[in-house]
Amino acid sequence: ISAISTEASNSDVAQSNSQFFEFEFAKVSDPPVLSSSSTVEGTEDNMVSQGLPLGLGASVPSGTSLEAFIAMVNANASLAAVPDAVSLFGTSSLGSIIEIEKNSNGYFDLDLALVELDSLQFRAQENFATDENGLVFRLTARATEIDENGGQAALPSSYATTDFTLIVNQVSDIPQVDIPSDD
């Protein structure tokens, strides 16, 4: 790199000494392409034992690992803890059902080596319901290229996100009737 200057009054030209600079560009992984249904909807008591499929997906090139988590999105669009009444389950590559634990922030950290992303289902405690607007959740993921030895071949990608809304409709509970006996 060198600099050239020209004197305005007499057009005299001067050039600095040349200096050599090396630049290294780090290889960065491409972000994943995420997909989700815009809204998933279920009824309160059916979600206790039966999960509500989330319809999530991610596309990454082969030789790429995926780091992902699910959090709730609050009114100001920042991430928030998932309510205690909501749990997340998925199916492992061996076919068993696995409950996904929440991290210290109250998000679901997804170990995609153990559970298939497209198998994730929300379950809810008995009598848990949302209003008609539901709760907004965000799937956040980034990809990292790995080499043939399992080491990192590139820096992790930027995070990709997709939002979806969970609506849990209320249902009437079966009333209990007690009839006093005529003892």
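Basis of the calculations
- Residues numbered from 1 in each chain as written.
- Predicted model: local features only at pLDDT ≥ 70, side-chain atom pairs only at ≥ 80, totals over all residues.
- Heavy atoms only, no water.
- Helix = DSSP H or I, 4+ residues; strand = E, 2+ residues; numbered from the N terminus.
- Polar contact = N/O pair within 3.5 Å; in protein donor to acceptor, adjacent residues only side chain to side chain.
- Phe/Tyr/Trp six-rings, centres within 6.5 Å; stacked < 30°, edge-to-face > 60°.
- Buried < 20%, exposed > 50% of the residue type's maximum accessible area, 1.4 Å probe, protein only.
- pLDDT = per-residue confidence, 0-100.
- Salt bridge = Lys/Arg side-chain N within 4 Å of Asp/Glu carboxyl O.

For the rest of this paragraph, the subject is the side chain of Arg138. Within the fold, Arg138 resides in strand E13 (residues 135-145). Within the structure, Arg138 has its side chain in polar contact with the side chain of Asp163 (distance 2.7 Å).

With that out of the way, let us pick up the packing of aromatic side chains. Applying the stated criterion to the full structure yields six aromatic pairs. With centroids separated by 6.3 Å and ring planes inclined at 45 degrees, the aromatic side chains of Phe108 and Phe122 adopt a geometry described as tilted. Here Phe108 is found in strand E11 (residues 108-110), whereas its partner Phe122 is found in strand E12 (residues 121-124), with 14 residues between them in sequence. There is no split in this pair, since Phe108 and Phe122 are both buried. With a centroid separation of 6.3 Å and an interplanar angle of 35 degrees, the aromatic rings of Phe122 and Phe164 are classed as tilted. Taken as a pair, Phe122 in strand E12 and Phe164 in strand E14 (residues 160-169) lie far apart in primary sequence, 42 residues in all.

It is worth spelling out the confidence of the model for the protein chain at this point. Taken over all residues, the pLDDT of the protein chain has a mean of 90, while the share at 70 or more is 98%. Across the protein chain, the secondary-structure element scoring lowest on mean pLDDT is strand E2 (residues 13-15), at 87, and the one scoring highest is strand E8 (residues 79-80), at 97.

This next bit is on the pattern of salt bridges. Scanning the model with the defined rule gives three salt bridges in all. The salt bridge involving Glu67 is made with Arg142; its shortest N-O contact spans 3.1 Å. Of this pair, Glu67 sits in strand E7 (residues 64-73) while Arg142 sits in strand E13, and the two are 75 residues apart along the sequence. With relative accessibility at 38%, the residue Glu67 sits in the partly exposed group. A salt bridge links Asp163 to Arg138, with the nearest nitrogen and oxygen atoms 2.7 Å apart.

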